[in-house]
Amino acid sequence: MSKPTLLILAAGMGSRYGGIKQLDKFGPNGETIIDYSIYDAIKAGFGKIVFIIREELKADFQEIFGPKLEGKIDYDFAIQSVQSYVPADLGTVERTKPWGTGHAVLCAWEQTSTPFAVINADDFYGYEGFQIMADFLANNQDPTCHAMVGYQIKNTLSENGSVSRGVCELDKDGFLEVVTERTKIYRQPEGQIVFEEGDTLTNLDDNTIVSMNFWGFMPNVFPVIHEMFKEYATKNLHSPKAEFYIPTVMTHLIQHNLGKCKVFSNESEWFGVTYPEDKPTVTEALRKLSEQGKYSA
């Protein structure tokens with residue numbers, strides 16, 4: 001049985017962070033967050049890494065990660081450009097940002113032949129999540145069953161501002177019914193987690209499961225994504241900020257009875273760098289993990 005592939009979403013601009021945070025150094029020996037994800041992925045049993053990046057980042061990624069991965073795991077690059085997979089008859093697209101995470105996955109079609117997982121480059125997920133996902137992808141026999149590793153909302157907040165999270169609703173068997181993007185979630189001074197929508201505040205339980213963009217798919221999903229994106233690109237050709245997200249793909253699969261999504265909850269503490277002010281917190285957390293012996297060179 002083929003080992004699963006890990007797609008790393010690294011083509012985003014990082015507008016709120018103010019730089020290319022995917023390549024920023026956070027670990028005690030100058031490691032990027034990607035280094036930790038790859039370490040955990042190899043340990044969990046993944047067999048290939050695909051970096052989804054912009055063309056202008058390829059040389060940097062090759063220089064940084066190539067020497068570390070040679071002889072340890074197969075790796076490749078998928079380029080996400082604004083023209084990638086856009087129907088030829090639509091002509092040249094006038095936009096500066098790529099089309100979003102769903103489009104990014106589509107851009108890795110040629111490099112991906114096995115069941116695969118998708119993660120963000122700038123998020124630390126912890127080993128438990130990679131082990132859960134690797135086991136699912138290696139053993140799942142149902143081509144219509146996909147997966148998501150979910151995190152408890154209390155473990156995914158930033159002390160430096162609000163965050164966007166995909167809030168999940170599950171059925172009684174632990175399959176995803178709905179994932180709703182909430183763009184302004186934070187903990188109030190008195191402790192309650194809320195999300196803002198217009199002038200309305202809605203409470204969220206601390207243990208609410210949210211998506212941190214840690215998805216698992218069977219490879220037969222690519223043709224579906226392709227057809228969806230062609231339609232989306234046609235409708236949004238003149239909407240330069242429109243984005244085609246992975247949850248849009250999963251929702252389509254569920255609503256049209258084309259697939260289902262098993263949600264695996266884990267209690268690991270996620271951390272990431274939404275804001276520049278998050279860096280010291282992440283750096284300290286990684287230092288502690290290294291001191292505990294969980295990560296070594």
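Heads up: these notes are all about the structure in this document. Counting from 1, residues in each chain are numbered in the order their sequence is written. Under the rules for a predicted model, residues below a pLDDT of 70 receive no local features and side-chain atom pairs below 80 are neither given nor counted, while totals for whole chains, interfaces and linings still include all residues. Just so you know, side-chain values use all the structure's heavy atoms and leave hydrogens and water out.

### Regarding the nonpolar core
Using the following cut-off: In plain words, nonpolar cores are sets of buried Ala, Val, Leu, Ile, Met, Phe, Trp, Tyr and Cys residues tied together by side-chain atoms within 4.5 Å. Working definition: with a 1.4 Å probe on protein chains only, accessible area under 20% of the residue-type maximum means buried, over 50% means exposed, and in between means partly exposed. Every helix listed is a DSSP run of H or I at least four residues long, and every strand listed is a run of E at least two residues long, numbered separately from the N terminus. In what follows, residue pairs with any heavy atoms lying within 4.5 Å of each other are defined as contacts.
Grouped together as the largest cluster of nonpolar side chains are 45 residues, with contacts concentrated most on Phe46, Phe51 and Phe61. When residues in this core are grouped by element, the largest group, six residues, is from helix 4 (residues 127–139). Phe51 has contacts with Ile8, Ile34, Ile38, Phe61, Phe65, Leu69, Tyr75, Asp76, Phe77 and Ala78, leaving out every residue within four places of it along the chain. If you look at the next biggest cluster of nonpolar residues, it comprises 37 residues, including Val82, Val105, Phe116 and Cys261.

### Details of helix 6 (residues 246–255)
Short version of the rule: In this description, the arc belongs to the directions extending from the helix axis to the C-beta atoms.
Along helix 6, the residues classified as buried are Ile246, Pro247, Val249, Met250 and Leu253. Taken end-on, helix 6 shows its buried residues confined to a sector of 155°, consistent with a single buried face. Two residues or fewer after helix 6 comes Asn257, characterised by a positive phi angle close to 55°.

### A word on helix 5 (residues 222–235)
Note the threshold: Helix span, as expected, comes to 1.5 Å for every residue beyond the first.
With 14 residues, helix 5 extends 20 Å between its outermost C-alpha atoms, agreeing within 8% with the 20 Å of an ideal straight helix rising 1.5 Å per residue. The complete set of buried residues in helix 5 reads Phe222, Ile225, His226, Met228, Phe229 and Ala233. Buried residues along helix 5 sit against helix 3 (101–107), strand 4 (116–120) and helix 6.

### What about the pattern of salt bridges?
Two side chains with opposite charge may pair up if their charged atoms get near one another. Note the following rule: Criterion for a salt bridge: a side-chain nitrogen of Lys or Arg within 4 Å of a carboxyl oxygen of Asp or Glu.
Taken as a whole, this structure holds 12 salt bridges when the rule is applied. A salt bridge links Asp173 to Lys172; its shortest N-O distance comes to 3.4 Å. Residue Lys172 is classed as exposed on the basis of its relative accessible area of 79%. The partner of Arg287 in a salt bridge is Glu284, with the nearest N and O atoms 2.5 Å apart. Separated by three residues within a single helix, Arg287 and Glu284 lie in helix 7 (residues 279–291), roughly one turn from each other. What makes Glu284 partly exposed here is its relative accessible area of 32%. Ionic contacts of the salt-bridge type, sharing partners, join the residues Glu284, Arg287 and Glu291 into one network.

### Quick word on unusual backbone geometry
Phi angles above zero are rare outside glycine, and Asn213 is one such case at about 65°. With respect to the secondary-structure elements, Asn213 resides in strand 11 (residues 209–217). Residues other than glycine seldom take positive phi values, yet Asn257 does so here, at roughly 55°.

Purely spatial values, then, with no claim about function.
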